[in-house]
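The residues making up each chain are set out below.
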Amino acid sequence: MGLFIDRDPDKMISYGKQAKEVIGSMILLMKTVEGTLDSCAPDLDSNTQREIEKLHGFVGAFMRDIAVYNDVAREIERKGYVLKDIRDRRIV
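Since the structure is predicted, the reported quantities are computational estimates derived from the model, not experimental observations. (Residues numbered from 1 in each chain as written. Predicted model: local features only at pLDDT ≥ 70, side-chain atom pairs only at ≥ 80, totals over all residues. Heavy atoms only, no water.)

Before going further, it helps to examine the overall build of the protein chain. Helix and strand counts for the protein chain come out as three helices and zero strands. Along the protein chain, from the amino end to the carboxyl end, the secondary structure elements read α-α-α. A compact globule built from 92 residues would reach a C-alpha radius of gyration of about 12 Å, whereas the protein chain, at 20 Å, exceeds it by more than 25%. Overall size of the protein chain, expressed as C-alpha extent along the three principal axes, is 70 × 20 × 15 Å. Of the contacts formed within the protein chain by residues at least 6 apart in sequence, a portion of 74% connects residues at least 24 apart. Just so you have it, the protein chain exposes about 6800 Å², and 60% of that area is on carbon and sulfur atoms. On the protein chain, the mean spot of the 15 positive side-chain charges and the mean spot of the 16 negative ones are 9 Å from each other. (Helix = DSSP H or I, 4+ residues; strand = E, 2+ residues; numbered from the N terminus. Rg over C-alpha atoms; globule rule 2.2 N^0.38 Å. Contact = heavy atoms within 4.5 Å. Areas by Shrake-Rupley, 256 points an atom, 1.4 Å probe, with all protein chains shown as cover. Lys, Arg positive; Asp, Glu negative; His and termini not counted. Charge placed at Lys NZ, Arg CZ, Asp CG, Glu CD.)

Bringing helix α2 (residues 9-40) into the picture now. Its 32 residues give α2 an end-to-end C-alpha distance of 47 Å, which sits within 8% of 46 Å, the value for a rise of 1.5 Å per residue. One side-chain oxygen at the N-terminal end of α2 lies 3.1 Å from the backbone nitrogen of aspartate 10; it belongs to aspartate 8. (Expected span 1.5 Å × (residues − 1). Polar contact = N/O pair within 3.5 Å; in protein donor to acceptor, adjacent residues only side chain to side chain.)

In this section: the environment of methionine 12. As for its position among the elements, methionine 12 is in helix α2. C-alpha separation for the pair methionine 12 and leucine 55, spaced 43 residues apart in sequence, amounts to 34 Å.

This brings us to the side chain of glutamate 34. For glutamate 34, the position within the fold is in helix α2. One buried charged residue, glutamate 34, remains without a salt bridge, the closest side chain of opposite sign being lysine 31 at 7.5 Å. (Buried < 20%, exposed > 50% of the residue type's maximum accessible area, 1.4 Å probe, protein only. Salt bridge = Lys/Arg side-chain N within 4 Å of Asp/Glu carboxyl O.)

Relative to the assigned elements, arginine 50 resides in helix α3 (residues 46-91). Judged by its relative accessible area of 47%, arginine 50 falls in the partly exposed class. The spatial distance from the C-alpha of arginine 50 to the C-alpha of lysine 11 is 45 Å, given a sequence separation of 39 residues.

Now for the pattern of salt bridges. Counting across every chain of the model gives six salt bridges. Across the salt bridge formed by glutamate 77 and lysine 20, the nearest N and O atoms sit 2.4 Å from each other. On the criterion of sequence distance, the pair formed by glutamate 77 in helix α3 and lysine 20 in helix α2 is long-range, its members being 57 residues apart. With a shortest N-O distance of 2.6 Å, arginine 78 and glutamate 75 are connected by a salt bridge. Residue arginine 78 and its partner glutamate 75 are located together in helix α3, separated by three residues, close to a single helical turn. Given a relative accessible area of 31%, glutamate 75 falls into the partly exposed group.

Structural data, given as structure tokens:
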């Protein structure tokens, strides 16, 4: 992975965009699951409601962790644009 990251700005930009799309889909899915469970929670027994609360804790941790990956993807994409700009200036 290091080779294309260091040398190919188009691949860096593509990787960053794709990673952000996947991360966005994962976040949307997790929020959808949480919302669906929350809407059903009042009709469920107390044990199930406790498990939903545990899930919220896990989802919160997941959101914090995935934010780091999103930041890395954004940074790789940004550096790809910078590298591409530098290389384009050298060609001219």
